[in-house]
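Observations on the model geometry
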Amino acid sequence: MRLRSMMTRAGSSLQSSISCSKQFPSKPKTPNLESEPKLRVYVRKRKLTISKTEEIQPEKPKLESSLIDIEDFSYKKTNGSVLKQGKSSKLLVKVGETPPANWVEVLKGIREMRSSENAPVDTMGCEKAGNSIESPKERRFAILVSSLLSSQTKDQVNHKAIQRLLANGLLSAEAIDQEEVDEETLKKLIYPVGFYTRKASNLKKIAKICLNKYGGDIPSTLEELMLLPGIGPKMAHLVMNVAWENVQGICVDTHVHRICNRLKWVNSTSSPEGTREGLQLWLPKEEWVAINPLLVGFGQTVCTPLRPNCGICSINHLCPSAFKDTPTKSTSSIRRTKKSSISIAKKF
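Treat the numbers as computed from the prediction; the structure is a model and nothing was measured.

This next bit is on the packing of aromatic side chains. Scanning the model with the defined rule gives three aromatic pairs in all. Centre to centre, the rings of tryptophan 265 and tryptophan 282 are 5.5 Å apart; their planes meet at 85°, and the pair counts as edge-to-face. Of this pair, tryptophan 265 sits in the loop between α13 (254-262) and α14 (272-280) while tryptophan 282 is found in the loop between α14 and α15 (291-301), placing the two residues 17 residues apart along the sequence. Aromatic ring contacts, followed pair by pair, group Trp103, Trp265 and Trp282 into a single cluster.

This is the structure in C-alpha cells:
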C-alpha cells in the first residue's frame, strides 16, 4: 500500500515535469560569442559583395581600336597616309542602293537640252587643256595644272590662264621648276583665278615633285595624286579619268553636287565628296565619266546656282526642287537691312 502510493506520487511528479517542460522549454546552450558572430558577418559581407559585382558591374567587352572613324573615310589624309576605298567603304556605305525613280528619263532630258546649246565646259573644260600639246607626258601635266587652277574659278577664266601659261612656255614640269620662274611670275600669269597666290605656290611644288619623282610626268594612282599639294578628290578623279583614262570614281564639282541634290539623286549630302559616294552607289559605271561635263554644262546654262531657269527646263515635272527659287544675296541683304531698321526704330 505504501509502495503503491509512492509510485503514484512519482508518476504524477514525472507528468508535471513533462508538462512544465513543454510550457517552458529549456534555453539552448549559449554560443561562443568570440567566434560565431564574426563568422556570420564575414559570410554575409562576402555574399553581398559578390552579388553586387555580378549584377551592377558586369564585365564590359573590349572595343576594337582598329575600326575606322567616319571622319577618316573618303580618301581623306590621316596621319600622313591616304585611306583606300576598298575595306572602309564596306564598313560605312550601304551597297546596292536603289536608283531614284525616273533617273533614266531625267538623264535623257538633260542630254537633249545640252545638245541644243553649248556650255563653257564644252570648249574650255579642264580636259581641253592639253589638246594642242603633242607629248603625252606634257599633255597629262597640262590637265593636272588645269584641274589645280579650276577650283573656285569659272571655266572661261581658267581657260585663259592656261593659254597664258602655254604661250609663255610654262605648261610643263621642267619649265615651271626653273629657278628664274618664281611664284610672282606664275601669279601674274594665272591671275584672276580663285586663290591665285596659293595656287602659284602649289604649282611650283607640284612641278618639283613631278620632276624629281615621276620624271616630269604626273602620278598614275588616285592616292598619289591626292598627296600633291592642292589636289583633292574631285581633281584627282578628273585627272585619272581624262589624263590616264582610268575610271575609279565620278568627278563631282559644285555643279554636279548642287544638281544631284536638287534632283534628290543623293540623300541631302553636304559636300561634293559625299555626293560622289552617294552617286556611285547606284549610277552605272559607264556613266561615271560623262556625268560630269553633262551636269556641269547643265548647271552653267539651265540649273544655275541662283534663280535656276526652271521655266525652260524640260524635266521640271520630274524635279522635286523645280520652281523653288533660292533668294539672291541682294534679296537677303535687303531683308536684313529692313529688320535692322525696324529694330532701331523700336528703340527710339
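Right, picking up where we left off after that structure.
Before going further, it helps to spend a moment on the side chain of asparagine 241. Note on placement: asparagine 241 falls in helix α12 (residues 233-242). By relative accessible area, which is 8% here, asparagine 241 ends up buried. Among all residues touching asparagine 241, those that are not within four sequence positions of it are Asn246, Val247, Gln248, Gly249, Cys251 and Val289.

Fine structural detail should not be taken from predicted coordinates in areas where pLDDT scores are low. Confidence along the protein averages 78 in pLDDT terms, with 66% of residues attaining 70 or more. Confidence over residues 33-95 falls short of pLDDT 50; this stretch has 44 contacts with residues more than four positions distant or in other chains.

Another aspect to go through is the nonpolar core. If you look at the biggest cluster of nonpolar residues, it comprises 38 residues, and the most contacted ones within it are Phe141, Leu144 and Leu165. Among the elements of the structure, α6 (136-150), α7 (155-167), α8 (173-176), α9 (183-190), α10 (196-214), α11 (222-225) and α12 are those that each provide at least two residues to this core. Residues in contact with phenylalanine 141, not counting those within four places in the same chain, are Leu171, Ser172, Ala173, Ile176, Ile206, Ala207, Cys210, Gly216 and Ile218.

The next point concerns the packing of α6 against α10. Running from amino to carboxyl end, α6 crosses α10 at an angle of 155°, the nearest separation of the two axes being 11 Å. In terms of axis orientation, α6 runs roughly antiparallel to α10. The two elements α6 and α10 cross, and the hand of that crossing is right-handed. Counted together, Phe141, Leu144, Val145, Leu148, Leu149 and Ser150 of α6 and Lys199, Asn202, Leu203, Ile206, Ala207 and Cys210 of α10 form the full contact between these two elements. Per-class residue counts for the contact of α6 with α10 are nine nonpolar, two polar and one charged.

So, on to the pattern of salt bridges. Enumeration over the complete set of coordinates arrives at seven salt bridges. In this structure, arginine 111 and glutamate 287 form a salt bridge, with 2.5 Å as the shortest nitrogen-oxygen distance. Of this pair, arginine 111 sits in helix α4 (residues 103-115) while glutamate 287 sits in the loop between α14 and α15, placing them 176 residues apart in sequence. Residue arginine 111 is classed as partly exposed on the basis of its relative accessible area, which comes to 36%. The shortest N-O distance in the salt bridge between arginine 276 and glutamate 273 comes to 2.6 Å.

Parameters at a glance
Residues numbered from 1 in each chain as written. Predicted model: local features only at pLDDT ≥ 70, side-chain atom pairs only at ≥ 80, totals over all residues. Heavy atoms only, no water. Phe/Tyr/Trp six-rings, centres within 6.5 Å; stacked < 30°, edge-to-face > 60°. Helix = DSSP H or I, 4+ residues; strand = E, 2+ residues; numbered from the N terminus. Buried < 20%, exposed > 50% of the residue type's maximum accessible area, 1.4 Å probe, protein only. Contact = heavy atoms within 4.5 Å. pLDDT = per-residue confidence, 0-100. Core = buried A, V, L, I, M, F, W, Y, C linked by side-chain atoms within 4.5 Å. Axes fitted to C-alpha atoms, helices over the stretch in contact; angles between N-to-C directions. Parallel < 35°, antiparallel > 145°, perpendicular 65-115°, else oblique. Left-handed = near helix turned anticlockwise from the far one by under 90°. Nonpolar A, V, L, I, M, F, W, Y, C, P; charged D, E, K, R; others polar. Salt bridge = Lys/Arg side-chain N within 4 Å of Asp/Glu carboxyl O.

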